[in-house]
Amino acid sequence: QVQLVESGGGLVQPGGSLRLSCTATGSSKAFDVMNWHRQAPGKERERVATITWTGTTTYFGSAKGRFTISSGDARNTVYLQMNNLNPEDTAVYYCEAEFPNGNGPYWGRGTQVTVSS
């Protein structure tokens, strides 16, 4: 019933910025936790950032100090602001959401981010 749709990916120069969005539809409840993950060719999927319904945020690996996760006022949308991008950030970025009463996790289909000069 729940669908997650990511947007905002694209091609950027090294040092540039992108803002990704993920919107959840089909749920009458706000999310408990939303995560951003990414997967590059030949690499394992890794989590990059987490936000809880209380607004607590967590960052992982090279996302620390460069990325910012936030949620919209409607509590069904999450954003990932990515600054100072480098080619190693090239990957498909996925959002993943968990809802009250153990519903989920639900995954989006991903959005491609390519960092290249």
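Residues numbered from 1 in each chain as written. Predicted model: local features only at pLDDT ≥ 70, side-chain atom pairs only at ≥ 80, totals over all residues. Heavy atoms only, no water.

A. Here's a closer look at unusual backbone geometry. With an omega of 5 degrees, the peptide bond running from Gly104 to Pro105 counts as cis. Note that Pro105 resides in strand S10 (residues 103–107). The residue Asn84 is not glycine, and still its phi comes out positive at about 50 degrees. Here Asn84 shows up in the loop between strand S8 (77–82) and strand S9 (91–99). (Helix = DSSP H or I, 4+ residues; strand = E, 2+ residues; numbered from the N terminus.)

B. The arrangement of the state of the cysteines in detail. This model, assessed by the stated rule, comprises one disulfide. Shown here is the disulfide that connects Cys22 with Cys95, its sulfur atoms set 1.9 Å apart. Here the disulfide of Cys22 and Cys95 is right-handed, its torsion about the S-S bond being about 55 degrees. Placement of Cys22 in strand S3 (residues 18–25) and of Cys95 in strand S9 is noted, with a sequence separation of 73 residues between them. (Disulfide = S-S within 2.5 Å.)

C. View of the nonpolar core. Within the largest apolar cluster, 28 residues are counted, with the highest numbers of intra-cluster contacts made by Leu4, Met34, Trp36, Leu80, Met82 and Tyr93. The element that contributes the greatest number of residues to this core is S9, accounting for five residues. Setting aside its immediate chain neighbours within four residues, Met82 contacts Gly16, Ser17, Leu18, Leu20, Arg66, Phe67, Tyr93 and Val113. (Core = buried A, V, L, I, M, F, W, Y, C linked by side-chain atoms within 4.5 Å. Buried < 20%, exposed > 50% of the residue type's maximum accessible area, 1.4 Å probe, protein only. Contact = heavy atoms within 4.5 Å.)

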